[in-house]
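# A look at the structure
Chain residues, written in single-letter form:
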Amino acid sequence: MFNTPKGNHTMRLTVLAVAAAALSLPAVASAGNFDGIYGGAQIGGAFTSLEKTNTSPIYSGGGDKNDSLSANGVVGGVFAGYGYVLPYNIFVAAEIDATFGGRDYSETISDPTNPYQSKIKTGTEWGMSFRPGYVINEHALVYGLFGFERTPLKSTSTASEVTFDKTQTAFRLGLGTEISIYGPLTFRADYVHTFLDDITFGDSFGTSTTIKPSEDKFKLGVAYHF
């Protein structure tokens with residue numbers, strides 16, 4: 001379940017391919033279909049990378065040991081917001097969302113002075129975003145996405161000094177497309193990258209650990225426009 005991510009480039013290309021396909025669809029709704037209150041649900045994948053650096057006396061007389069870790073999984077979510085189409089086909093929207101589905105990474109540390117087992121996991125994430133975009137034609141728009149996300153990161157371990165439980169408010173940036181499919185229903189696909197802060201902790205044996213987390217999500221969903 002926890003494989004190395006395929007790469008953010010593929011996800012971006014998928015979003016752009018969906019937007020390009022929208023240009024060839026027959027018109028089924030006016031641009032006004034994107035106006036007003038909306039809500040919906042999404043499903044997709046989350047790819048959390050954890051770049052870890054250990055500084056310890058046992059590594060080359062005090063050097064560093066670097067590891068590239070990942071915790072990937074399927075996620076679901078819900079969202080709600082308000083959109084408005086301005087003159088010249090400019091689109092703006094603000095929305096809130098929640099993402100469900102934890103990802104975790106487990107490892108065994110073979111430090112001869114302090115061996116232990118550790119697990120790092122994420123939890124439910126809450127976000128708020130601004131979506132500026134452009135209405136391509138009568139049935140499709142493309143948009144950017146930026147805002148903030150509350151992301152919990154928790155470490156459990158057999159060594160109490162390397163445990164942590166932190167919830168970060170992190171900046172996120174993305175892009176996506178939305179297509180009218182029938183009446184008030186629209187289909188959307190988006191990619192979002194979350195810039196998480198570093199986490200540093202140490203133990204009583206002189207080992208210091210810094211984790212540089214980051215997260216990418218690719219989700220598909222359906223929205224209902226009221």
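Data block above holds the structure.
A brief look at the structure comes next.

So, on to the overall build of the chain. Within the chain one finds one helix and 12 strands. Written out in order from the N terminus, the α and β elements of the chain read α-β-β-β-β-β-β-β-β-β-β-β-β. The buried share of the chain, taken over its 226 residues, is 46%. Excluding contacts between residues fewer than 6 apart, the proportion of contacts in the chain whose partners are at least 24 apart in sequence is 67%.

Inspection of the secondary structure assignment puts Arg131 in the loop between strand E6 (125–130) and strand E7 (133–137). Within the structure, Arg131 has its side chain in polar contact with the side chain of Tyr38 (distance 3.3 Å). At 3.3 Å, the side chain of Arg131 forms a polar contact with the side chain of Glu95. Filtering out sequence-adjacent residues up to four positions away, Arg131 remains in contact with Tyr38, Phe91, Val92, Ala93, Glu95, Tyr143, Gly144, Leu145, Glu178 and Arg188.

Membership of the largest hydrophobic core is limited to 12 residues, which are Phe34, Tyr38, Phe79, Val85, Phe91, Ala93, Val135, Leu141, Tyr143, Leu145, Val192 and Ala223. Contributions of two or more residues to this core are made by strand E2 (64–85), strand E3 (90–100) and strand E8 (140–157). Looking at this core element by element, the count peaks at three residues for E8. Ignoring any residue separated from it by four or fewer positions in sequence, one finds Ala93 in contact with Tyr38, Tyr82, Gly83, Ser129, Phe130 and Arg131. One finds Leu50, Ile120, Leu153 and Phe201 within the second-largest nonpolar core, a separate group that totals 10 residues.

Rules of the game
- Residues numbered from 1 in each chain as written.
- Predicted model: local features only at pLDDT ≥ 70, side-chain atom pairs only at ≥ 80, totals over all residues.
- Heavy atoms only, no water.
- Helix = DSSP H or I, 4+ residues; strand = E, 2+ residues; numbered from the N terminus.
- Buried < 20%, exposed > 50% of the residue type's maximum accessible area, 1.4 Å probe, protein only.
- Contact = heavy atoms within 4.5 Å.
- Polar contact = N/O pair within 3.5 Å; in protein donor to acceptor, adjacent residues only side chain to side chain.
- Core = buried A, V, L, I, M, F, W, Y, C linked by side-chain atoms within 4.5 Å.

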